[in-house]
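Chain by chain, the residues:
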Amino acid sequence: MAQAVGTAHLETSTGLDNRKLLMWLFLGSECLFFGSLIAAYLLYRDRSVSGPHPGDLFDIPFTSVSAFVLLMSSVSMVLALAAIQRGNVRGMQIWLFTTAVLGLLFLSGQAFEFTEFNHEGLSLSTNLFGTTFFVLTGFHGAHVTIGVLILLSLFTVSLQGRIQQKNSLNVELAGLYWHFVDIVWIVIFTLVYLIQP
Amino acid sequence: MTLAEYRRRGGVEPAREEENVADADHVEKHPGPLEYAQIGSILAIITGVEVAIYYLGLAHALLVVGLLVLSATKFSMVVLWFMHLKFDHRLFSTMFILGFILALSIFTVVLATVGGKLV
Amino acid sequence: MATEWPQTRKTGLADALRGAREMADQHYGIWSWIATVDHKRIGLMYGVTAFIFFLTGGIEALLLRTQLVVPNAGVLNADQYNRILTMHGTTMVFLVIMPLSAAFFNLMTPLMIGARDVAFPRLNAFSYWVFLAGGIFLNVSFFTKNIFSGELGAPDCGWTCYSTLSSKAFSPGHGVDFWALGVQILGIASLASGFNFIVTILNMRAPGMTLFRMPLFVWMTLVTSFLIIFAMPVIAVALFELIFDRLFNANFFNPDKGGNPLLWQHMFWLFGHPEVYILILPAMGIVSEILPTFSRKPLFGYPFVVFSGIAIGFMSWGVWVHHMYTTGLGTVANSAFGISTILIGVPTGVKVLNWMATMWGGSLNLKAPMMFAVGFVAMFTIGGLSGVTHSVVPSDYQQQDTYYVVAHFHYVLFGGAIFALFAGFYYWLPKFTGKLLNDRLGQIHFWLMLIGFNLTFFPMHVSGLLGMPRRISTYSEGQGWDFWNLLSTIGAFTIATSILVFIINFIYSLRRGEAAGYDPWDGRTLEWTIPSPPPHYNFEKIPVVHARDPFWHEKYTEDEEGRPIPVVAGAANGHENEGQEDHGGHGIHMPSPSYFPLIAALGFPIMATGLIYDYALVAVGAAVLFVGIYGWALEPATEGEEA
């Protein structure tokens, strides 16, 4: 997201845009980042020597709703891109804003969940579950937060009329990041919440 | 911004590697809002099914396999349609898949050697 | 290029910054370095900074060797020894070999592929500043205790920082915090340059420069960059886990709460083994450029060397357990990884054979770069062979944590990487300074270094096999280690002397060195087609490439027996890159200088300091990072259109 100034058409050796290539490389690299965190969670999932354990705390209906919210934010994100690629600035603005709001909704859900768990006696240092759970979901939350910031920045810039069909790439790149954060949650939702030992 | 913008080729056509040249009008092949909405509904339904399976009280092994398959389906749908890998240049997929497969395989080996369990 | 200091207008930050930027626009003065996005300047800054760290790490090594010169020497106490040892290892890996390789990526990659700069010039500047910030941050740790009373605050956990040596209980103080956060910052720098060079190499090649016409060094840069972007996230997570354990009482490596210290070792070596190849592949690339030039023959078996490099890149992910044979992972794991470790020797061996075949039958020109390159091949082969002995599990059980291991990795990292990097200095520095390094002094440097190196590290094989453990701060008499340690220390000081010769040579040559001209070595690749030093836009006209070793083919054709025959001047058949007339670069639009990469980079050390001392600083650092990134995103990236 380093560059908000658009680039219409580039002449590169592969014909592919530099920034888009960078974004995909970054996402490939992020796979290793979240892979490491998830591996640590899985390694320690049933090794906490004291409670509380996942089964005592998880509120599946609640988390399902927030997983659903994040999933739907992916839909609104792709609609924002579809709008601007067809030159519909207004539509893009609406969908970008919707996406950011859904992202914020997800984040408040996470904040609520963290607070609840804390009240029930789970902190970073309580046991291995607390350690791995908070660090994994916390890093995911940090990624969502950065995503929301990017979306809101794009939205603000677009209000000044600086996002047009010809530089829709900016929206596309933000979208790639956002969808990646979403698929990480798809994995976390299944491996952490639904499949418990 | 890239340097490529102001590279002057001195009037010479850049010699691109044939198979690597991106399809200039790939945007046209992208699905429209309607199709995105349809995919969104499918994703929502799958999420519902996942939660349902969770409460169904299946045998644990079955539950695990079912959930993994469903989650992989959601994952692939988002990557292929929302992130356009289905329609985009192969190089992008290569970069992502390289990272993904690498992560999957090395951490499987780590968990196997250290004795982590999925089930 | 005007060299006027811009008129100072009204005071005020915005004006000051604008003034600085105007100065930078004109490639003049200190601000033109601080705000530079020119890959050559960034490369030189990388090189100079890393070389200063090389001297720091070298002095640390001399201290260690002085302590070990005789049994029970009283130069350093155990605590000081541990801390200096840790800093020596960390410095040499993260602050010397990696950034020196990065210096060559920066200096050479755009020139070799015929580009005017990298794909993301500001990201490139950012990665340098982050590296500098991380390096300083790491070394500041020395001063977190009262250094004048002999207490050092540096980390004391060894460069591998194994858990639970690194836990709060066994390493109180802030040393390990500095280590973890410092390496984390350096990782950001490496990631940024990794992404940048992959995109640059894939996307910025000159017309006709297909992948299989790329110089070997560029190939190795590409493979190394991939290793960086996939390996760095793993160590990032491991470091976060360590940081959370130490600063927020998490339990990742806390056995009391069921945590498994082996997780650290897995994560560290998952990163660490690709890291080994991150250190050595660029060196292999440098040597693969120098050997053909000074043998006046094309690289033997180019595709084999390329594919061996790629194969090493892939296989480096499947060998990490050979660092952990003695941790009790079981026979299956040990056997499997023993086999994969033996296998990774194959592509490495292929490369060595190709280098030798390149020299075979060539008309060798034994100038300093060539001497160092040949030295690399020989020393690296010895190190490679002792590496193969480690792959054998029962034998490794004996060698684990002895000086034999120290001997091995210094043969590959010093005898390998450092020799190749010096070869690179002698070969490529004239391109950027415009002055050739003195060859006689270069030869003295080479022989002193070769003798000193072998005197230092060969005896370590023996002391290791005699059972001397690594990392010990002293030893008692009568174990048969005294003589070998004495030799090692004499060798270490011989190496130091040779480095001194290099420094003298460098300074001398800058002042009265022979002018390098375009092409001092009768080179083969594109960088020799442009002036030394190159103009900031590199190529007046982007070259068009018709073959591998494009410049060679422009200069020479072959007779029936394959001997090179010079092409008559002017008879070149339509080669575009001839006649680089200097039009002063008008009409070439280069990326604008920017100070935002520096501002953004400053955010990291501030945040890291805040994590250790006061969380309020974390907010300050984050704000600085924000300002940097937003300024970066919103400023125009290109110089204005000029007539």
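Just so it is clear, the model here is predicted, and its values are computed rather than measured.

**Q** Before we move on, could you go through the overall build of chain B and cite the residues and values that matter?
**A** Summing up its helical and strand segments, chain B has three helices and zero strands in all. Secondary structure elements in chain B, listed N-terminal to C-terminal, are α-α-α. Taken across its 119 residues, chain B has 46% of its residues classed as buried. In chain B, the share of contacts with a sequence separation of at least 24, taken over all contacts with a separation of at least 6, comes to 65%.

**Q** Provide a residue-level description of the side chain of E275 of chain C, including the pertinent values.
**A** Residue and element names in this part refer to chain C. Within the fold, E275 resides in helix α8 (residues 262–295). Despite its burial, E275 pairs with no opposite charge; the closest candidate is R470, at 14 Å N-O. Excluding anything up to four places from it in sequence, E275 contacts V93, F94, M98 and M232.

**Q** Mind laying out the confidence of the model for chain C, listing which residues take part and the relevant values?
**A** Low pLDDT marks regions whose predicted coordinates should not be analysed in detail. Residue and element names in this part refer to chain C. In this model, chain C carries a mean pLDDT of 91, and residues with pLDDT of at least 70 account for 91%. Contacts from residues 1–10, a stretch scored under 50 in pLDDT, to residues over four places away or in other chains number 16 contacts. Below a pLDDT of 50 lies the segment residues 570–582, which in the model reaches 23 contacts outside its immediate sequence neighbourhood of four places, other chains included.

**Q** Explain the packing of aromatic side chains to me, using residue names and the numbers behind them.
**A** All names here are of chain C. Evaluation of the coordinates by the stated rule reveals 92 aromatic pairs over all chains. Arranged with centres 6.2 Å apart and planes meeting at 90 degrees, the rings of F419 and F446 form a pair that is edge-to-face. Taken as a pair, F419 in helix α13 (residues 403–433) and F446 in helix α14 (residues 439–465) lie far apart in primary sequence, 27 residues in all. The class for F419 is buried, based on a relative accessible area of 0%. For F446, a relative accessible area of 4% puts it in the buried group. Seen in terms of ring centroids, F422 and F425 are 5.4 Å apart; in terms of plane orientation they differ by 80 degrees. Their pairing is edge-to-face.

**Q** Break down the confidence of the model for chain B for me, citing the residues and quoting the values.
**A** On average, residues of chain B score 78 in pLDDT, and 72% of them reach the 70 mark or higher. Of the regions scoring below 50 in pLDDT, residues 1–28 of chain B engages in 75 contacts with residues more than four places distant in sequence or in other chains.

**Q** Got a sec to walk through the interface of chain A and chain B? Specific residues and values, please.
**A** Listed per partner, the contact involves 57 residues of chain A and 59 residues of chain B. With both sides pooled, the region where chain A packs onto chain B buries about 5,100 Å², and carbon together with sulfur makes up 73% of that total. Run the count over chain A and chain B and you get one salt bridge. One salt bridge in this structure joins K20 of chain A and D88 of chain B, with 2.5 Å as the shortest N-O distance. One can count two residue pairs in polar contact (both at pLDDT 80 or more) joining chain A with chain B. The set of elements that each furnish at least two residues to the side of chain A that touches chain B consists of α1 (18–44), α3 (60–85) and α6 (169–194) of chain A. Sort the elements by how many residues they give to the side of chain A that touches chain B and α1 of chain A lands first, with 15 residues.

**Q** Break down the nonpolar core for me, with residues and values.
**A** Across soluble globular proteins, you tend to see nonpolar side chains buried next to one another. Ranked by size, the top nonpolar core spans 306 residues in total, and within it F96 and F107 of chain B together with W179, W264, F376 and F422 of chain C carry the most contacts. It is helix α7 (residues 216–248) of chain C that provides the largest number of residues to this core, a total of 24 residues. When residues of this core are assigned to domains, at least three map to each of domain 1 (32–85) and domain 2 (89–119) of chain B. Dropping the residues within four chain positions of it, W179 of chain C is found in contact with T86, T90, L138, P155, W159, C161, L239, L242, W264 and F268 of chain C.

**Q** Describe the interface of chain C and chain A, listing the residues and the values that go with them.
**A** Think of interface size as the accessible area that goes away when the parts come together; that is how it is often given. The partner chain A presents 39 residues to the 40 residues of chain C that form the contact. Where chain C packs against chain A, one counts zero salt bridges. On the surface where chain C and chain A come into contact, there are 14 residue pairs in polar contact (both at pLDDT 80 or more). Mapped by element, the contributors of at least two residues to the side of chain C that touches chain A are α5 (121–140), α6 (175–203), α7, α8 and α18 (615–634) of chain C. The greatest single-element share of the side of chain C that touches chain A, amounting to eleven residues, is contributed by α7 of chain C. Taken together, the residues that form the side of chain C that touches chain A break down as 28 nonpolar, six polar and six charged.

**Q** Any chance you could break down unusual backbone geometry for me, citing the residues and the numbers?
**A** Residues and elements named next belong to chain C. In this model, S163 is joined to T164 through a cis peptide bond whose omega is 5 degrees. You can see T164 is positioned in the loop between α5 and α6. Of note, the amide linkage connecting S532 to P533 takes the cis form, showing an omega dihedral of -10 degrees. Relative to the elements of secondary structure, P533 occurs in the loop between α15 (482–512) and α16 (550–555).

**Q** Describe the pattern of salt bridges, with residues and values.
**A** All names here are of chain C. Evaluation of the coordinates by the stated rule reveals 14 salt bridges over all chains. Note that D549 is salt-bridged to R524, the shortest N-O span being 3.0 Å. One end of the pair, D549, is in the loop between α15 and α16; the other, R524, is in the loop between α15 and α16, and 25 residues separate them in sequence. Its relative accessible area of 15% is what places D549 among the buried residues. Where salt bridges share partners, they join R296, D519, D522 and K555 into one cluster.

**Q** Outline the packing of helix α3 (residues 39–67) of chain C against α13 of chain C, listing residues and values.
**A** All names here are of chain C. Remark: α3 packs on α13, axes separated minimally by 13 Å, with the N-to-C direction vectors making an angle of 145 degrees. You can see that α3 and α13 cross each other, and the crossing is left-handed. Mapping the contact onto sequence places K40, L44, F51, F54 and R65 in α3 and Y403, I418, F422, F425 and F432 in α13. The class makeup of the residues in the contact of α3 with α13 is eight nonpolar, no polar and two charged.

**Q** If you had to explain helix α5 (residues 128–159) of chain A to someone new, which residues and values would you point to?
**A** Residues and elements named next belong to chain A. Under the 1.5 Å per step criterion, the end-to-end length of α5 is 46 Å for 32 residues, consistent within 8% with the ideal 46 Å. A large share of α5 lies buried, amounting to 24 of its 32 residues. Of the residues flanking the start of α5, the one acting as N-cap is N127, its side-chain oxygen 3.2 Å from the backbone nitrogen of F129. Looking one or two residues beyond α5, the residue adopting positive phi is G161, at roughly 75 degrees.

Definitions and cut-offs
- Residues numbered from 1 in each chain as written.
- Chains lettered and ligands numbered in written order.
- Predicted model: local features only at pLDDT ≥ 70, side-chain atom pairs only at ≥ 80, totals over all residues.
- Heavy atoms only, no water.
- Helix = DSSP H or I, 4+ residues; strand = E, 2+ residues; numbered from the N terminus.
- Buried < 20%, exposed > 50% of the residue type's maximum accessible area, 1.4 Å probe, protein only.
- Contact = heavy atoms within 4.5 Å.
- Lys, Arg positive; Asp, Glu negative; His and termini not counted.
- Salt bridge = Lys/Arg side-chain N within 4 Å of Asp/Glu carboxyl O.
- pLDDT = per-residue confidence, 0-100.
- Phe/Tyr/Trp six-rings, centres within 6.5 Å; stacked < 30°, edge-to-face > 60°.
- Buried area = accessible area lost by both parts, 1.4 Å probe.
- Polar contact = N/O pair within 3.5 Å; in protein donor to acceptor, adjacent residues only side chain to side chain.
- Core = buried A, V, L, I, M, F, W, Y, C linked by side-chain atoms within 4.5 Å.
- Domains from an automatic or database assignment.
- Nonpolar A, V, L, I, M, F, W, Y, C, P; charged D, E, K, R; others polar.
- Axes fitted to C-alpha atoms, helices over the stretch in contact; angles between N-to-C directions.
- Left-handed = near helix turned anticlockwise from the far one by under 90°.
- Expected span 1.5 Å × (residues − 1).

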